[in-house]
Each structure stands twice: as structure tokens, then as C-alpha cells.
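Now for the letters of each chain:
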Amino acid sequence: MANRIKSNNINEGQEVDKNPSLRDFRKEPEAQLDLMALLRDERTWKIVGVCSIILALFLFISFASYLFTWKEDQAIAQQGLSALLDEDKPALNWLGRLGAVVAHFFFFKAFGLASFIVCTFFFVVGVNLLYRQRVFSIWRNLKYVTIGVTVMSVSLSFVFRSSNFPFGGGVGELIKVEMEGLFGVVGTGAVLLVTAFAYFIWQFNPTFKWPVNKPTPVENEEEKEVVNEEEKEVVNEEATTNEEQPQFSPQAAGQTLNDLYAAGVRPNQLKPPVNPTPDCDTPAEIATARAQAEEEILPAPEVLPSTGERDLELEIKTVPDPVVEAAETIPENLPPYEPTLDLSKYKYPTLQLLEQHGSEKIVHDPSELESNKTQIMNTLRNYAIEIQKISATVGPTVTLYEIVPAPGVRISRIKNLEDDIALSLAALGIRIIAPIPGKGTIGIEVPNLKKTIVSMRTLLSSEKFQHNNYSLPIAIGKKIDNENYIVDLASMPHLLMAGATGQGKSVGLNAILVSLLYKKHPSQLKFVLIDTKKVELSIYRHIERHFLAKLPSEEDAIITDTKKVIHTLNALCIEMDNRYDLLKEAGARNIKEYNEKFINRKLNPQKGHVYLPFIVLVVDEFADLIMTAGKEVEMPIARLAQLARAIGIHLIIATQRPSVNIITGTIKANFPSRIAFKVSSKIDSRTILDTGGSEQLIGKGDMLISHHGELTRLQCPFVDTPEVEKIVDYIKEQQGYPQAFLLPEYFDEKEAEARGELDMSNRDFLFEDAAKLIVQYQIGSTSLLQRRMKLGYNRAGRLMDQLEIAGIVGPSQGSKPRDVLIRTEADLMRHLENMG
């Protein structure tokens, strides 16, 4: 076979060499691919950026030199490009004959002095391409260059109309002549002036205020002098006594005391009056009125009638009103809280980071459809089964043939012919749906000969994904009728994924994670990633400060060690309990109601209330955790699955061993939504979905999903590892939080005992008696404590552990008794005294 393929390739190559047109035709796509690769290369655009900056400098230097050498170089420049080859005529331009010709073209035939603005455009383009980011806005600069060059060239041509130097250039002169013919000389000047003012106002938005002269009160000069002296004395006294106290004058603001209370000004912010009563005429009366005013105490704040005159300014020394203090602690008229302002400059990943795999349209072969229809009808007729109608719905991976059996035909007869139909169609495996829910037909799913790859970019760009009200939207795949399958993870609320090795579980996990990264802000979502294989989810470690959560004592946010997995799951249980306490205090039933109250400023952050992000726990290869940790992993998983839905913690668990000892009844009962990729047996299919069918899938992303009691066949979208890396790098380069989202600290008492960190102050009150018994018999046995002290096994075991921590007995030796480290009772008493 290999030799035949090799000979065919040789013959094909010889045919191409003999036919030059065919050889060129086949080389053309390769050249196009090389060109596309060259355009995608980052170095190409950096080289273009450097060339653009050099061009900007070349134009600027040639323009600047032209201002001084334009008369001498005019003869050379007027010859055009032919002057470049004329070595007998040297140019005085700093950039030689080329600089003289280019500058002459821009000054005489283009925009004159406004040509300097053109240099800025090439400079901006070059800087952006060189640094590979938006340092300056190219489109805004292009707009300014276009408008500025036009207006400036026309204005210079209008002002310097009698000069020999081309201030406005040929373009400016041409537009000026047309405008003068239309508006006249005066009208052209007015239009240019209005244009300049309009541009200035639009760009800088200045504020224009008409000056207002305030009337000054007429007073006697003698009264002025007396009042001024009194004011100076009061000011000096205030400067020495209340130097650091903030002062507020309602007279300066033209307000009464009632207005001040309404505005929230406190009494201790008022200062002694400058002129307490306007009705006093003599200095003695003024001093008497001031003394009386200082002795008065203003009552509690109340609405006082305004007299239209200036109210007295008094320094109040009363106890602050508790209602006023409460008003200070409760903010009013504040805008709703926006959690995304923590990272206000965060930009969601763009669809350009994803590749367009395959075609958006499903390509099918009409002859294949007709052939399959005929084979199905003939096979059924061979067993005396007549059908009234058959129709086909072409999907990306399989085609659904819907048949309507004749009256009197039992469905079970058709269902029993599954293997016979597969044999007649020569298909990898067919699946019969009898009947199709909601329809009066029987479905036969047949794999396509030419399968279409479902691109992740197609699903994420769909209208259903872009515009929905889901809390956690995920794009899982495409149905047979080519409809995008978008669901809300919060409504699932947990997801169980299973399938054999290499059937698409890891791609499915990446599709779910990428969907959430495209739709949620880092302040709204956190991931807890558990990857016992250490290679599947490690690609997401770079977005630790954006989307990942971890324990405070851990360095790596991707959990790979089994002990750390147990700590993380228990920490999530603590987080769940803490969140339920917050919901209880807030009077909310779920995380959505709680966050709405927090956003609307109805919850006080000083009482511990915070905005709660969603937490998605992703476990890859759950079977390995069950094998190594068992109940220590299963119990917190089951507790989270039972209770964590309402407080925004959702679980996604994947495994490649869908057996009953891995996916136990406790796990299945709390995971109503399940995804099954291709499995090896019908027993595994029933373990996942409680029904068969997944053993007949064709692999490579072909899957069955059970959601809300409905079983749907989907084709999982394909997202490659380089695409995920691009998305992660795009997020990583943006500003993130100082550290990852920290889960509550979890303390394991068993591990503390093993490390000797148990608090000996909480030891059993029979500890000393047990120690004396062990030292007396010189046998470190738990059964000895049980017999002599009449204890249960659990308590005797705890006593033995405490004796080991205290250094009285050695470590366990299996079935053998422990070594006793203290020989006599006197040594034991000294040892216990030293322990304190």
C-alpha cells in the first residue's frame, strides 16, 4: 500500500513537471500562504514602522532645507524626476537632488508650508507599528492632517497673495481662487475666519462669561472704621484659639441657618459673627450684642422661618445630634456601585484572536443523501416495514433522517433494526431516536462522510451569544439543525463531563472557559482550576491576577497536588458558608438579589458586605482524585453541589472513567446536567446519562448533553491550544489585581497532629493516667489503653496520638506496639513538668 501511494506521488510530480501551467497553478496557493504568513509576522510590521518614521524625518528635513535653498534649487526641481540622474547640477538641499525635487513638489504643487503637517501622519503610523500598540490614534491624526492641511494652505494663500514663495502651494491657491470667485475677497476672508473660530471652539470648548458689577452697600466712614477695628480684633482672637478648626461663613454664601442645616453643615463649623446685629449703631451696642450672642446655645436642628435678613452666625458647643451622625454614615444620592471600575481599562478579548476553522456553511452531497434514503427504505422493506415519508436534516457531523412509519407499524420493530441499518449504510454507528420528542417521527442519525469543523469563532460571534441575559453564558456546540447551542451555566447549575480518552473532553473544557472569558469581567468571575494531570489547564496560569482564585498559602493558582485539592475544596465550603451568612444578613435568597442590593447601595460595606463574584470550580480527571483521596474529595464536592448554587459557586467536573465507583450516586444526584462524549460501552453511557447512546458516537467532539431532562446531540466547537494562548496573552498584558482572589484559609487538624502542631492545652484529661500506664508497662499499644482504662478505640487512638506528640511514645509501626521513649515514672513527671 505504501509503495502504491509513493508511486502515485511520483507520477503526479512528473506530470506537474511536464505541464508548466499546472506547476505554476499549484505553486500559486503556496505563494499566497507565504505572503499571508509574512503579513502576520510581527517583525514585518516593525520594519514598516521604522521605514515610516524614516520617511517622516526625510520629509521634515527636506522641507526645512527648502525654506533656505528654494531659489537656488528651483531650476533643478522644475525638471522633475529627470533631475535625479543629472550629476552636473548639484543641489543645495540638505538631502540632495531627491530632497529638492520632493520638497518642490509638496511646496509648489501641493500644500506649501502646510506640508509640514504631513510629516506627523507618517510619524504616528511608524510609532504605532513599531511599538505594536496604540500610542497615538491614527484615524484622529489623519482627520486632523486632512482638515489642517486644507485650511492652512488656503489661509496662507489668501494672506500671502502677492509673495513669490508658495506659502499655500498649488492646492491652496486653486481652492482660494474658487472661493474668491464664489464669495469674493471679503467673503473668503470671513469664511476662513469663521472656520478658524469654529475649529477653536470645537477643540477647546472655552467658557464665555459676561462681567457683572455687584452693588456695594453705603455706610458711614466712622462706622466703617469702628467695624473694621472690631473685625481685626476678632480675627486675631480666632487665629490664636481656633487655628486648625475649619471655618464656614453662611453670610459669605448668602444662606440662612435653615439652609445650612438642609445642606448638611454641622454647628461646629460655624464661626463667631463679624457683625452680629445690623441694627446696632454704636460700638458699645455692638460689643453688648456680641457678648449676648456668645452666651446663647442653639437648640437641636429644626426648620426655622427665614426673615429675609442675615441670620446670626453663632459658635455652637452642643452635643452632635445622633440623627445627623446616622445620616453621615448612610451615603445618599450616590450612583450605583459598578464592580467593573476596579479594572476600568480592561478590554474583553476580540474575535480576531480565534481562527476560522472550516466553513460556516455546512456542505453536503445531495447524492449521498439520496443514497442513504434509498438504503434506509430498502432495509425497512426487507423486514416488511413500510414508511410514508422520509426527510433529512444535515448537521455538521451527522445527518438526521426523519421517517414517518405507516399505520400499524410498531416502533420497537424499527428500533431493533439498528445494527441492520448500520450494516446497509456501511456507517461507523447510527443512533435511532424512537420517537423524537415533540414530533410524530422516528429519527435515524447517520454520520456524514465529509464532516464540518465547528469553529469557536462562529459560535462566539453569533447573535444568541452576543446578546443574552445569561449570568454565565457558555457556547457548547451546534445541533444537528445547525442551531447554536448556548446555555447558562448558572441555570444548570453544575456540569458533569465524561468520555473516553481523546474524544474531546479537554477541548470541551477549553470551549467553556473561553466562552466565559469572552463574556465576563475579572470582577464578576473567578475560576478554581484543579488539574491532576498538570498539563491540561496550566495554560491559564498567566491570568492568575485576573480570573483565578487560590488559597492564601499557595504560590501556584493551578492546583495539582491531591492534599492541596482537599484543602481547596474545604476552603470553598467555608467560602460558601460565609456567603450564606452574608445573604442571611442582607435578606436575599440568591447571589443575584444580593448583588443587586449591593449595587444599589442598600448594603453597608462597613458591616462586611462585598460584591460577590461567581466562582466556577473546574476539575479535570476526577477519577484520579477519587482513587487517591476518596471520601475526602467526594464529601466536599457533594456538599458544594447540594448547596453552592444559590451563592454563585458552580462545578464543572470531567473524567475519562465513567464507572459507578467514580461517578457515585451522590455525585449523580447533584449534577442534573451532564455531557457524554464517546465511551466504550453501553454501561458507561448509562452511568453518565442514565440511558444508552453515547457508545455510538463517532468521537472528535461528537457528544450528547442532558439538560433539563432533554437529550441533545451536539458537535463541540474546536478551539486549538494556540488560540487559547493568544486569549490568555491578551488578558495577561492588561492591568490586573495585585494578587489572585484569595479563598478562606483552611486548617486541617489531622495534618496538624501529624506535624506536631496540636494544641496540648486541649489534651484529654486522662492524658497523664495514660502516660503513666504506658511507662509502667513499657508497651505503646492502643489496645492496652482500651483494656486497662476501659476506653473506646477512637478515644484510645486520640490519646496515643497525643502521647506521640508529647514525645512519650514513638511513631506507629503497623501491627507492632510503639516504642516507649521514657523509662521510669520519675522521668515521666519531669518530662511533663518541662512541657508545662
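Please read all numbers here as calculations on a predicted model, not as lab measurements.

A. Fine view of the overall build of the chain. A tally of helices and strands in the chain yields 32 helices and 15 strands. Residues classed as buried in the chain amount to 42% of the 836 residues present. Within the chain, contacts between residues separated by at least 24 positions form 65% of all contacts whose residues are at least 6 apart in sequence. Approximately 47900 Å² of the chain is accessible, and the part contributed by carbon and sulfur atoms is 55%.

B. View of the pattern of salt bridges. On inspection of all chains with the given rule, the structure shows 22 salt bridges. A single salt-bridge network, built from bridges that share partners, covers R431, E445, D702 and R713.

C. Here's a closer look at a positive patch on the surface. On the surface, R134, R140, K143 and K347 cluster together to form a positively charged patch. Take R134: it is sitting in the loop between α6 (116-131) and α7 (138-159). With a relative accessible area of 65%, R134 lands in the exposed category.

D. Molecular detail of unusual backbone geometry. The amide bond that connects A434 to the next residue, P435, takes the cis arrangement and shows omega of -10 degrees. Position of P435 among the secondary structure elements: in the loop between β3 (431-433) and β4 (442-447). Here the bond from M492 into P493 is cis, since omega is -10 degrees, no more than 30 degrees from zero. Its place among the elements puts P493 in the loop between β6 (484-488) and β7 (495-498). The backbone of K534 sits at a positive phi, close to 70 degrees, despite the residue not being glycine.

E. View of the packing of aromatic side chains. Summed over the entire model, instances satisfying the criterion amount to 17 aromatic pairs. Aromatic side chains F165 and F167 sit 5.0 Å apart centroid to centroid with 70 degrees between the ring planes, which places their arrangement in the edge-to-face category. Taken as a pair, F165 and F167 share a single burial class, namely buried. When the centroid spacing of 6.3 Å and the interplanar angle of 45 degrees are considered together, the rings of Y337 and Y611 count as tilted. Within this pair, whereas Y337 is found in the loop between α13 (322-329) and α14 (366-382), its partner Y611 is found in the loop between α22 (591-599) and β10 (614-620), the two being separated by 274 residues in sequence. Residue classification places Y337 among the partly exposed residues on the basis of a relative accessible area of 22%. Every member of this aromatic cluster is reached through a ring pair, and the members are F60, F63, Y66, F105, F106, F107, F116, F160, F165 and F167. Cation over ring: K519 sits above F465, and NZ or CZ is 5.4 Å from the ring centre.

F. Structural detail: the layout of surface pockets. Roughly 1200 Å³ of internal volume is contained in the largest pocket. Together, 20 residues line the largest pocket, and R132, Q133, L353, Y730 and E733 are the ones closest to its centre. Those elements that place two or more of their residues in the lining of the largest pocket are α2 (20-40), α3 (42-69), α6 and α27 (721-732). If you tally residues by element for the lining of the largest pocket, the top one is α27, at 3 residues. A volume near 660 Å³ is recorded for the second largest pocket. I436, P437, K479, L711 and T712 are, among the 20 residues lining the second largest pocket, the residues nearest its centre. Looking at the lining of the second largest pocket, the element that brings in the most residues is strand β14 (residues 710-715), giving 4 residues. Each residue belonging to the lining of the second largest pocket can be placed in one class, and the counts come to 8 nonpolar, 4 polar and 8 charged.

G. Region of the structure containing the pairing of strand β13 (residues 702-707). Most of β13 is tucked away, with 6 of its 6 residues classed as buried. In β13, alternate side chains face the same way, and those of D702, L704 and S706 on one face and M703, I705 and H707 on the other are all buried. With 3 bridges connecting them, strand β12 (residues 673-676) and β13 associate as antiparallel partners. The residue bridging R674 from the neighbouring strand is S706, located in β13.

H. Looking closely at a nonpolar patch on the surface. Where nonpolar side chains cluster on the molecular surface, the patch consists of L57, F60, I61, L67, F68 and W94 and spans about 650 Å² of accessible area. Within the fold, I61 resides in helix α3.

I. View of the packing of helix α21 (residues 562-586) against helix α24 (residues 631-643). Between α21 and α24, the least distance of the axes is 9 Å, while the angle of their chain directions is 25 degrees. Accordingly, the angle class assigned to the pair α21 and α24 is roughly parallel. As α21 packs across α24, the resulting crossing turns out to be left-handed. In contact with I566, L569, L572, C573, M576, D577 and Y580 of α21, α24 contributes E632, V633, P636, I637, R639, L640 and L643. Considering only residue class, the contact of α21 with α24 consists of 11 nonpolar, no polar and 3 charged.

J. Examining the nonpolar core more closely. I476, F527, Y540, L617 and I637 are the most contacted members of the largest nonpolar core, which totals 108 residues. Broken down by element, the residue count for this core peaks at 10 residues, all from α21.

K. Spatial organisation of the confidence of the model for the chain. Scored by pLDDT, the chain comes out at a mean of 78, with 76% of its residues at no less than 70. Counted against residues more than four places away or in other chains, residues 1-27, with its pLDDT under 50, gives 5 contacts. This model gives residues 214-227 a pLDDT under 50, and the stretch forms 4 contacts once residues within four places in sequence are excluded.

L. Focus on the sheet that holds strand β2 (residues 398-405). The sheet built from 4 strands is open, its strands ordered β1-β2-β4-β3 with antiparallel pairing. What marks the edges here is a single partner per strand, and that holds for β1 (387-394) and β3. The mean angle between the axes of side-by-side strands here comes to 20 degrees, regardless of whether they run parallel or antiparallel. Across 7 bridges, β1 lies against β2 in antiparallel orientation. Considered in β2, the bridge of I390 is made with I403. Along the sheet, α14 contacts β1, β2 and β4; its crossing angle with β1, the most-contacted strand, is approximately 145 degrees.

M. The environment of T44, seen in detail. Take T44: it is sitting in helix α3. Linking T44 and L129, residues 85 residues apart in sequence, is a C-alpha distance of 9.5 Å.

N. Quick peek at the pairing of β14. In this structure, β13 lies alongside β14, joined through 6 bridges in antiparallel fashion. If you follow L704 over to β14, its bridge partner there is R713. Connecting the antiparallel pair β13 and β14 is a turn made up of 2 residues, with H708 showing a positive phi of about 55 degrees.

O. Representation of the side chain of N93. Among the structural elements, N93 can be located in the loop between α4 (74-78) and α5 (96-110). A distance of 3.4 Å separates the side chain of N93 from the backbone oxygen of S62, its partner in a polar contact. There is a polar contact of 2.9 Å between the side chain of N93 and the backbone nitrogen of L95. Not counting chain neighbours up to four residues away, the residues in contact with N93 comprise S62, S65, Y66, T69, D73, G99 and A100.

Cut-offs and rules
- Each chain carries its own residue numbering, running from 1 in the written order of its sequence.
- For a predicted model such as this one, the threshold for reporting local features is a pLDDT of at least 70, and the threshold for listing and counting side-chain atom pairs is 80 or more; totals across whole chains, interfaces and linings nevertheless cover every residue.
- As a convention, hydrogens and water are excluded, and side-chain values are obtained from all of the structure's heavy atoms.
- In this text, helices come from DSSP runs of H or I with a minimum length of four residues, and strands from runs of E with a minimum of two, each type numbered from the N-terminal end.
- A simple rule labels every residue: compare its accessible area, found with a 1.4 Å probe on the protein chains alone, to the largest value its type can have, and call it buried under 20%, exposed over 50%, or partly exposed in between.
- Every residue pair with non-hydrogen atoms within 4.5 Å of one another is taken to be in contact.
- Surface exposure here means Shrake-Rupley accessible area, sampled with a 1.4 Å probe, where a residue is shielded only by the protein chains that are shown.
- Whenever a carboxyl oxygen of Asp or Glu lies within 4 Å of a side-chain nitrogen of Lys or Arg, that contact is scored as a salt bridge.
- For patches, a residue must show more than 30% relative accessible area and have no salt bridge; joins then use 9 Å for like charges and 5 Å for nonpolar side chains, namely Val, Leu, Ile, Met, Phe, Trp and Tyr.
- Charge assignment: positive for Lys and Arg, negative for Asp and Glu; neither His nor the chain ends contribute.
- Note on charges: their place is set at NZ of Lys, CZ of Arg, CG of Asp or CD of Glu.
- Pairs were defined over the aromatic rings of Phe, Tyr and Trp, the Trp ring being its six-membered one, requiring ring centres within 6.5 Å. Orientation was assigned from the angle between planes: stacked under 30 degrees, edge-to-face over 60, tilted for the rest.
- Note on criteria: charge over ring means Lys NZ or Arg CZ within 6 Å of the ring centre, with the direction from the centre no more than 35 degrees off the ring normal.
- In this analysis the probe radius is 1.4 Å and the grid spacing 1 Å, with only protein atoms considered; a cavity is a set of points the probe fits into but cannot get out of, a pocket is an open set with protein on both sides within 12 Å along at least five of seven lines, and lining residues have an atom within 4 Å of a point.
- Grid points are joined across faces, edges and corners, and a volume is the space filled by probe spheres set on the points.
- Residues are grouped as follows: nonpolar covers Ala, Val, Leu, Ile, Met, Phe, Trp, Tyr, Cys and Pro; charged covers Asp, Glu, Lys and Arg; every other residue, Gly included, is treated as polar.
- Think of it this way: DSSP has to see at least two bridges between two strands before they count as a pair.
- Only the contacting stretch of a helix is used when fitting its axis, a line to C-alpha atoms as for every element, and angles between N-to-C directions run 0 to 180 degrees.
- Every angle not falling under 35 degrees, over 145, or within 65 to 115 is termed oblique; those three ranges are roughly parallel, roughly antiparallel and roughly perpendicular.
- Crossing handedness is defined as follows: a turn of the near helix away from the far one that is anticlockwise and smaller than a right angle gives a left-handed crossing, while the clockwise case is right-handed.
- Residue types Ala, Val, Leu, Ile, Met, Phe, Trp, Tyr and Cys, when buried and joined through side-chain atoms within 4.5 Å, form a set referred to as a nonpolar core.
- For every residue, the predictor states its confidence as a pLDDT score lying anywhere from 0 to 100.
- Definition of a polar contact: a pair of N or O atoms within 3.5 Å, with one able to donate and the other able to accept a hydrogen when the atoms are protein atoms, and with sequence-neighbouring residues admitted only if both atoms are side-chain atoms.

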